[in-house]
Amino acid sequence: MPLAAATVISASGETSLWRASALLSPARAGTTLTSGDRVVTRADGRIELRFSDGALVALQPNTEFRIDDYRFDVVEQRGFFSLVKGGLRTVSGAIGKRHRDDYRVNTPS
């Protein structure tokens, strides 16, 4: 069982969560996300995520966001994400405070 990376705090409008084993639509508050999950919002969709290191991510309408590789424990920390399209706002958490290379967001530009 993959370790939890984040939890959906709130979701509104048309949203979906794509996972290797399933499509969960709409994404709902309380849903747990893991590495490899992809979150998509449509024209009226918004999602807020809380990661286990305390980080917050708010996805804007028409956004696709992927959790590429996420680990946060006493031994290892890593937060690698991709903003495939759209926009987001974030407040950083504990990952990257010790080593900046442990945190990365890839974007189309």
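Nothing here was measured: the structure is a model prediction, and the numbers come from that model. (Residues numbered from 1 in each chain as written. Predicted model: local features only at pLDDT ≥ 70, side-chain atom pairs only at ≥ 80, totals over all residues. Heavy atoms only, no water.)

Caption draft 1: Region of interest: the overall build of the protein. Regarding its fold elements, the protein presents zero helices and 11 strands. When the helices and strands of the protein are placed in sequence order, the string is β-β-β-β-β-β-β-β-β-β-β. In terms of overall size, the protein behaves like a compact globule, its C-alpha atoms giving a radius of gyration of 13 Å where 109 residues would be expected to give roughly 13 Å. For the protein, the spread of C-alpha atoms along the principal axes amounts to about 35 × 35 × 20 Å. Put simply, the protein has 109 residues, and 35% of those count as buried. Nonlocal contacts in the protein, meaning residues at least 24 apart in sequence, comprise 47% of its contacts between residues at least 6 apart. When the accessible area of the protein is evaluated, it comes to approximately 6,400 Å², of which 52% is carbon and sulfur surface. Between the mean site of the 15 positive side-chain charges and the mean site of the 12 negative ones, the protein shows a separation of 3 Å. (Helix = DSSP H or I, 4+ residues; strand = E, 2+ residues; numbered from the N terminus. Rg over C-alpha atoms; globule rule 2.2 N^0.38 Å. Buried < 20%, exposed > 50% of the residue type's maximum accessible area, 1.4 Å probe, protein only. Contact = heavy atoms within 4.5 Å. Areas by Shrake-Rupley, 256 points an atom, 1.4 Å probe, with all protein chains shown as cover. Lys, Arg positive; Asp, Glu negative; His and termini not counted. Charge placed at Lys NZ, Arg CZ, Asp CG, Glu CD.)

Caption draft 2: Examining the sheet that holds strand E2 (residues 15-19) more closely. Across the sheet, six strands lie side by side as E3-E2-E5-E8-E9-E11; this open sheet has mixed pairing. Each having just a single partner strand, strand E3 (22-24) and strand E11 (103-106) make up the two edges of the open sheet. Between one strand axis and the next, the sheet turns by 15° as a mean value, whatever way the strands run. In this structure, strand E9 (residues 77-85) lies alongside E11, joined through four bridges in parallel fashion. (Pairing = 2+ DSSP bridges. Axes fitted to C-alpha atoms, helices over the stretch in contact; angles between N-to-C directions.)

Caption draft 3: Main features of the pattern of salt bridges. Counted by the stated rule, this structure contains seven salt bridges. The partner of Asp69 in a salt bridge is Arg71, and the shortest N-O contact between them spans 3.7 Å. Since its relative accessible area comes to 17%, Asp69 is described here as buried. Given a relative accessible area of 35%, Arg71 falls into the partly exposed group. Arg71 is the partner of Glu76 in a salt bridge, and the nearest nitrogen-oxygen pair spans 3.1 Å. Given the relative accessible area of 29%, Glu76 is considered partly exposed. Each of the salt bridges in this network shares a partner with another, and the network as a whole consists of Asp69, Arg71, Glu76 and Arg78. (Salt bridge = Lys/Arg side-chain N within 4 Å of Asp/Glu carboxyl O.)

Caption draft 4: Region of interest: the nonpolar core. Counting 18 residues, the largest nonpolar core has Leu33, Ile47, Leu49, Phe51, Phe65, Ile67 and Tyr70 as its most contacted members. Of all the secondary-structure elements, those providing two or more residues to this core are strand E1 (6-12), strand E6 (46-51), strand E7 (56-59) and strand E8 (64-72). If we skip the residues at most four places from it in the chain, Leu33 touches Leu3, Ala4, Ala5, Ala6, Val8, Leu17, Arg19, Val39, Leu49 and Ile67. (Core = buried A, V, L, I, M, F, W, Y, C linked by side-chain atoms within 4.5 Å.)

Caption draft 5: Representation of the packing of aromatic side chains within the structure. This structure, assessed with the given rule, holds five aromatic pairs. Considering the side-chain rings of Phe51 and Tyr70, the 5.2 Å spacing of their centres and the 40° angle between planes classify their relative orientation as tilted. Taken together, the residues span a long stretch of sequence, with Phe51 in strand E6 and Tyr70 in strand E8 at a distance of 19 residues. Taking the centre distance of 5.2 Å and the plane angle of 70° together, the rings of Phe51 and Phe81 count as edge-to-face. In this pair, Phe51 sits in strand E6 while Phe81 sits in strand E9, placing the two residues 30 residues apart along the sequence. Per residue, the accessibility class of Phe51 equals that of Phe81, and both read buried. Through a chain of ring-to-ring contacts, three or more aromatic side chains come together here, namely Phe51, Phe65, Tyr70, Phe81 and Tyr103. (Phe/Tyr/Trp six-rings, centres within 6.5 Å; stacked < 30°, edge-to-face > 60°.)

So, to be careful, I would describe these as geometric facts and stop short of saying anything about function.
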